[in-house]
Amino acid sequence: MKQKTLKGSFSLFGKGLHTGLNLTVTFNPAPENTGYKIQRIDLEGEPVIEAIAENVIDTQRGTVLGKGDMRISTVEHGLSALYALGIDNCLIQVNGPEFPILDGSAIQYVDKIAEVGVEEQNAPKDYYIIRKKLEVKDEQTGSCITILPDEDFSITAMCSFESKFISSQFATLDKMENYTKEIAAARTFVFVRDIEPLLQANLIKGGDLDNAIVIYERQTTQERLNMLADMLHIEHRDATELGYIQHKPLQWDNECTRHKLLDVIGDMALIGKPIKGRIIATRPGHTINNKFARMVRKEIRKHEIQAPIYDPNEEPLMDVNRIRELLPHRYPMQLVDKVIALGATSIVGIKNVTSNEPFFQGHFPEEPVMPGVLQVEAMAQCGGLLVLNTLEEPDRWSTYFMKIDGVKFRQKVVPGDTLIFKVDLLAPVRHGISSMKGYIFVGDHVVAEATFTAQIVKNK
């Protein structure tokens, strides 16, 4: 699957929730491997910030990104739409310190993205695949986010509120294709008990019933409720009648929890890569979301290049007999046992290292270690299978080393190791010359890597 960006630009206009300013946010196509960048076009020099978890400076009232003197808040709804719709690269420009709050959901972003369209780019989509359970907990709040291995990205959110009016709720999104229909229109919400201090502190200058669900669930005096209504510019209501205060009815009974799920997806965008895994978010909020995103980014840095998934129960695409038909190597120099994945530009092969390998007799008898040069040779044989697979009559051609660069050996290869080779073409084959990048993994760890160039020659 390839990376994606917008086909064209679009803009949205509205008030900022915290500042009350009239703001414009514009989403633009971006080159491959850009990720999400946000630019403050109202500041001198038009500074740009990368939308990643390390740049989050506040999570008390939404996700706030910052760098130097620059701050940008209320970014989570726009990022949620980008991430859920599979857009990898986007330059976002805003003429103020926050995104407009719009209707408090992500639906207007989704509608505009559908209007301008999405296009594929040449670079492959760089998924981070969850291989083991990861979890972040907050013992004080009871918040917890867990991610488990899964074939795709899905999420379940479970919320319990300090309220007799709203019971515990959950919401699930099993497929991102359903985001537009099931999640995007869920609006943000706030309790009456929380609004008063925010209004008095001048922290929600641009908030009204057009962009939030207001929940009146703890009875207060008629005088205080009237005062609050005047501040929100809404009609007075009976202080004894608890319930929702909004201009339009709830779209779902669990709309509040669906919005929490929307926020989690927006904050997961700060990981910087699409992920494959199932998230279970218990009492999520921006603080725990950001802690989780930072933890996943640390895992990504540990395993910057992920090992391919190897299931020994699956039938190989090429067994040792087919490999012998394509490669001229024979014992003891045939160093690829099978091929388990093969595409137009990449291949994954396997070599089981046993104590009976002939080179262990001299390298070294008391501490058997596979020679590094043979590891590179094995990588190159795997690359040769990739290139030969693109040719007609592949058994009539051979590949030969021309150049080897950037060789690194990270840990020893010893008897009992199963080597997983991953080799990618760096450019199309031209004039019989092919450049490739190869990695060798043992388990999840890279043990060796190299870039090499080979010449394809027709056999005499």
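Just above, that's the structure.
Residues numbered from 1 in each chain as written. Predicted model: local features only at pLDDT ≥ 70, side-chain atom pairs only at ≥ 80, totals over all residues. Heavy atoms only, no water.

**Student:** Lay out the overall build of the protein chain in plain terms, naming residues and giving numbers.
**Tutor:** Helices and strands together make up the secondary structure of the protein chain, namely nine helices and 25 strands. C-alpha atoms of the protein chain, sized along the principal axes, occupy 95 × 40 × 40 Å. Sequence-distant contacts in the protein chain: of pairs separated by 6 or more residues, those separated by 24 or more amount to 71%. Carbon together with sulfur atoms contributes 49% to the accessible area of the protein chain, which is approximately 22,200 Å² in total. Treating the 52 positive side-chain charges of the protein chain as one cloud and the 61 negative ones as another, the clouds have centres 4 Å apart. (Helix = DSSP H or I, 4+ residues; strand = E, 2+ residues; numbered from the N terminus. Contact = heavy atoms within 4.5 Å. Areas by Shrake-Rupley, 256 points an atom, 1.4 Å probe, with all protein chains shown as cover. Lys, Arg positive; Asp, Glu negative; His and termini not counted. Charge placed at Lys NZ, Arg CZ, Asp CG, Glu CD.)

**Student:** Residues and numbers for the side chain of Asp-58, please.
**Tutor:** Note on placement: Asp-58 falls in strand β6 (residues 56-58). No salt bridge forms around the buried Asp-58; measuring N to O, its nearest opposite-charge neighbour Arg-71 is 4.1 Å away. Here the side chain of Asp-58 touches Gln-60 through a polar contact of 3.1 Å, landing on its backbone nitrogen. Among all residues touching Asp-58, those that are not within four sequence positions of it are Thr-63, Val-64 and Arg-71. (Buried < 20%, exposed > 50% of the residue type's maximum accessible area, 1.4 Å probe, protein only. Salt bridge = Lys/Arg side-chain N within 4 Å of Asp/Glu carboxyl O. Polar contact = N/O pair within 3.5 Å; in protein donor to acceptor, adjacent residues only side chain to side chain.)

**Student:** Requested: an account of helix α7 (residues 286-302), with residues and values cited.
**Tutor:** With 17 residues, α7 should reach 24 Å at 1.5 Å per residue; the first-to-last C-alpha distance of 24 Å fits that figure. Residues of α7 that are buried: His-286, Ile-288, Asn-289, Asn-290, Phe-292, Ala-293, Val-296, Arg-297, Glu-299 and Ile-300. (Expected span 1.5 Å × (residues − 1).)

**Student:** Describe in detail the environment of Ala-157, supporting the description with residues and values.
**Tutor:** Secondary-structure assignment places Ala-157 in strand β14 (residues 153-159). In this view, Ala-157 contacts Gln-169, Phe-170, Ala-171, Thr-257, Leu-261 and Ala-281; residues no more than four positions away in its chain are not counted.

**Student:** Before we move on, could you go through the pairing of strand β13 (residues 143-148) and cite the residues and values that matter?
**Tutor:** Every regular strand shows the same layout, with side chains that alternate between the two sheet faces. Burial within β13 is extensive, with five of its six residues counted as buried. Pairing between strand β12 (residues 134-138) and β13: five bridges, direction antiparallel. By the bridge assignment, Lys-137 is partnered in β13 with Cys-144. From the end of β12 to the start of β13, which pair antiparallel, there are four residues, and Gly-142 there has a positive phi angle of about 80°. Pairing between β13 and strand β19 (residues 275-282): five bridges, direction antiparallel. Pairing of Leu-148 across the sheet is with Arg-278, part of β19. (Pairing = 2+ DSSP bridges.)

**Student:** Which residues make up the environment of Ile-155, and what values go with them?
**Tutor:** Looking at the secondary structure, you find Ile-155 in strand β14. Not counting residues within four places of it along the chain, the set of residues in contact with Ile-155 comprises Ala-171, Thr-172, Leu-173, Leu-261, Val-264, Ile-265, Arg-278 and Ile-279.

**Student:** Hey, could you go over empty space enclosed by the protein for me, with residue numbers and the actual values?
**Tutor:** This model, assessed by the stated rule, comprises one cavity of 30 Å³ or more. Of the volumes computed, that of the largest cavity is approximately 60 Å³. If you go around the largest cavity, the residues you meet are Val-192, Leu-225, Leu-228, Ala-229, Leu-232, Ile-234, Glu-235, His-236, Arg-237 and Ile-245. Tallying contributions element by element places helix α5 (residues 222-232) first for the lining of the largest cavity, with four residues. Looking at the lining of the largest cavity residue by residue, the class counts come to seven nonpolar, one polar and two charged. (1 Å grid on protein atoms, 1.4 Å probe; cavity = no way out; pocket = protein on both sides within 12 Å on 5 of 7 lines; lining within 4 Å. Points joined across faces, edges and corners; volume = space filled by probe spheres on them. Nonpolar A, V, L, I, M, F, W, Y, C, P; charged D, E, K, R; others polar.)

**Student:** Could you give me a rundown of a negative patch on the surface, with the residues and numbers involved?
**Tutor:** There is a patch of like negative charges on the surface, built from Asp-150, Glu-151, Asp-152 and Glu-177. Topologically, Asp-152 is positioned in the loop between β13 and β14. (Patch = residues over 30% accessible without salt bridge, like charges linked within 9 Å, V, L, I, M, F, W, Y side chains within 5 Å.)

**Student:** So what about the pattern of salt bridges? Which residues, and what values?
**Tutor:** Taken as a whole and judged by the stated rule, the model has 20 salt bridges. In this structure, Asp-88 and Lys-125 form a salt bridge, with 2.7 Å as the shortest nitrogen-oxygen distance. With Asp-88 in the loop between α1 (76-84) and β9 (90-94) and Lys-125 in the loop between β10 (118-124) and β11 (128-129), this pair connects stretches of sequence that are 37 residues apart. You'll find Asp-88 and Lys-125 in the same group, each marked buried. Lys-422 is the partner of Asp-424 in a salt bridge, and the nearest nitrogen-oxygen pair spans 2.8 Å. Assessed through its relative accessible area of 21%, Asp-424 is described here as partly exposed. Each member of the salt-bridge network shares a partner with another, and the members are Glu-54, Arg-297 and Arg-301.

**Student:** Give me the pairing of strand β15 (residues 169-173): which residues, what numbers.
**Tutor:** Only one face of β15 is buried: it carries Gln-169, Ala-171 and Leu-173, and the other face, with Phe-170 and Thr-172, is open. Across five bridges, the pairing between β14 and β15 is antiparallel. Across the sheet, Ile-155 pairs through a bridge with Leu-173, a residue of β15.

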